[in-house]
Amino acid sequence: MNETRPGSMQQIADALGVSRATVSNALRGTGRVGRELAERIRAEAARSGYVPSHAGRSLRTGKSANIGLVVPDFAMPLFPVFAQAFERAAKRRGMAIMVADSMGAAETQREEIRNIVARGVDGLVVIPLRGSNLADLALPVPMAVVDSAANPLNAASCDHRDGGRQVARHLADLGHRRVVILVSAEESTVSAERQRGMEEVFRIRDVRWKVVALRPDFDSVHDWAMGADMSGDLGGATACAAAYDAAAVGFATAMAARGLRVPQDISVTGFDDLIWGRILSPALTTVRQDLAAIAEQTLAVLADGAAPGRIFPVTLVARGSSGPAPRS
């Protein structure tokens, strides 16, 4: 058992070789549990740091539970959409959502986690910042992380790697043989999974690729500048596969500013299916996540004890920003 985190009823049950119901009865003083066994259960609960509270009861019943949601940065358009998906899922369960913004800073993320727990939430959902590590957090309430399959704390997420595969197959089928992959500069399991998926397919389809990392503090303005800076050195690439829609939009805008046509001269794809990509002209080819399903499953992990780690399929949405590779 990890000594840095409070134990759970299931961990106590596993340690003593009894059922979770027996642990629950012993800690609540109900049911037919022998005195000696009850004392052993209480001792194990104390040793593991188990914190009994109304949180577990609220989550199990789904009544009047307050759930905290900590997002990386509301300045990025994906996370308000994520928050809306969780708000809808919580309402269906009779829960209330309290949202906090990490504002792109790791220290702020930890501070907001502490603040939101202190306000009395019964469970916590964290969409972590790129490169942040939450494994050492010791919280008195259950926490569910939404990231990628590569994160051992992941409760639910989309299949980022398969999304990368779908993008790569799409571009290879269009005849592209040299591609720029635009990824996060910071360590990111999401960006890395999307990149790995692309590279798996490109390797099989004999497509050459060049990986370009975004600036650590990237936003649409930085993306524009970055795209303009590299537009003269694309290495013969006829397509750009970006790990995020924001990067794809900035890149496409920069290419247009340099007189390159999308998709006639260079195709561009993104990931997340944000509103930015839909209002781009031509509209952005991207990958759509099932955010509603991710939110439902994450709350099921917190409230119902559902097994964590479920991965949901994604869908490639082909639009006007990707087309056949130019002949020259």
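From a predicted model like this one, the values you see are computed outputs, not experimental measurements.

Cut-offs applied
Residues numbered from 1 in each chain as written. Predicted model: local features only at pLDDT ≥ 70, side-chain atom pairs only at ≥ 80, totals over all residues. Heavy atoms only, no water. Helix = DSSP H or I, 4+ residues; strand = E, 2+ residues; numbered from the N terminus. Buried < 20%, exposed > 50% of the residue type's maximum accessible area, 1.4 Å probe, protein only. Expected span 1.5 Å × (residues − 1). Pairing = 2+ DSSP bridges. Axes fitted to C-alpha atoms, helices over the stretch in contact; angles between N-to-C directions. Contact = heavy atoms within 4.5 Å. Arc of directions from axis to C-beta. Parallel < 35°, antiparallel > 145°, perpendicular 65-115°, else oblique. Left-handed = near helix turned anticlockwise from the far one by under 90°. Nonpolar A, V, L, I, M, F, W, Y, C, P; charged D, E, K, R; others polar. Polar contact = N/O pair within 3.5 Å; in protein donor to acceptor, adjacent residues only side chain to side chain. Right-handed = clockwise from strand over helix to strand, strands pointing away.

*Asks:* Which parts of the structure should I look at to understand the overall build of the chain?
*Replies:* The number of helices and strands found in the chain is twelve helices and twelve strands. Relative to its full complement of 328 residues, the chain shows a buried share of 48%.

*Asks:* Would you mind showing me how to read helix α10 (residues 245–257) here?
*Replies:* Residues lying three or four places apart along an α-helix face the same way, a consequence of the helix completing one turn every 3.6 residues. Between its first and last C-alpha, α10 extends 18 Å over 13 residues, near the 18 Å set by a 1.5 Å rise per residue. Taken together, the buried positions of α10 are occupied by Asp245, Ala246, Ala247, Ala248, Val249, Gly250, Phe251, Ala252, Ala254 and Met255.

*Asks:* Help me out: how do you make sense of the sheet that holds strand β8 (residues 239–242) in this one?
*Replies:* Across a sheet, strands are paired by hydrogen bonds formed along the backbone, either parallel or antiparallel in direction. With respect to topology, four strands assemble into an open sheet ordered β7-β6-β8-β9, the strand pairing being parallel. Looking at which strands have only one partner, the edges of the open sheet turn out to be β7 (208–213) and β9 (267–269). Pairwise comparison of adjacent strand axes, ignoring direction, gives a mean angle of 20° for this sheet. Strand direction decides the pairing type here: strand β6 (residues 178–183) and β7, joined by six bridges, are parallel. Its bridge partner lying in β7, arginine 178 is registered against arginine 208. Contacts from α10 reach β6, β8 and β9, with the element oriented near 160° to β9.

*Asks:* Explanation requested: helix α1 (residues 9–16) in the structure shown.
*Replies:* For α1, the set of buried residues is Met9, Ile12, Ala13 and Leu16. Viewed along the axis of α1, the buried residues span an arc of 100°, placing them on a single side of the element. Where α1 terminates, the next one or two residues include glycine 17, which has phi positive at roughly 70°.

*Asks:* Just to check I follow, could you spell out the packing of α1 against helix α3 (residues 35–48) for this structure?
*Replies:* Axis angle and axis distance: for two packed helices, these are the angle between their axes and the distance between the axes, and together they describe the pair. At a minimum axis separation of 10 Å, α1 and α3 run at an interaxial angle of 120°. Taken together, the axes of α1 and α3 lie oblique to each other. For the element pair α1 and α3, the recorded crossing hand is right-handed. On the side of α1, the interface is formed by Ile12, Ala15 and Leu16, while α3 contributes Arg40, Ile41, Glu44, Ala45 and Ser48. Among the residues making up the contact of α1 with α3, the classes are represented as five nonpolar, one polar and two charged.

*Asks:* Just to check I follow, could you spell out the side chain of aspartate 273 for this structure?
*Replies:* Residue placement: aspartate 273 occurs in the loop between β9 and α11 (275–279). A polar atom in the side chain of aspartate 273 sits 2.7 Å from the side chain of arginine 288. Not counting the four nearest positions on each side in its chain, aspartate 273 is found in contact with Asp245, Arg278, Thr286, Val287, Arg288 and Arg319.

*Asks:* Any chance you could explain the pairing of β8 here in plain terms?
*Replies:* On any regular strand, side chains alternate: one points to one face of the sheet, the next to the other face. Alternating residues of β8 divide into Ala239 and Ala241 and Cys240 and Ala242, and every residue in both groups is buried. Of the pairings in the sheet, the one linking β6 to β8 comprises four bridges and is parallel in character. Across the sheet, leucine 182 pairs through a bridge with alanine 242, a residue of β8. Here β8 runs beside β9; their pairing, made up of three bridges, is parallel. Bridge pairing links cysteine 240 to valine 268 in β9.

*Asks:* How should I be thinking about the sheet that holds strand β4 (residues 143–145) in this particular structure?
*Replies:* Ordered in space as β2-β1-β3-β4, the four strands form an open sheet in which the pairing is parallel. If you trace the sheet from one side to the other, it starts and ends with β2 (96–101) and β4, each paired once. The sheet shows a mean angle of 20° between the axes of neighbouring strands, taken without regard to direction. As paired strands, strand β1 (residues 66–71) and strand β3 (residues 123–126) are joined by four bridges and run parallel to one another. Across the sheet, residue leucine 69 finds its bridge partner in β3, namely valine 125.

*Asks:* It is not clear to me how the pairing of β2 should be interpreted in this structure. Could you clarify?
*Replies:* Sheet topology places β1 next to β2; six bridges connect them, and they run parallel. Residue pairing for β2: glycine 68 is matched across the bridge by methionine 98. Regarding topology, helix α5 (residues 78–92) serves as the crossover connection from β1 to the parallel β2, and that connection is right-handed.

In short, shape yes, function no, at least from these values alone.
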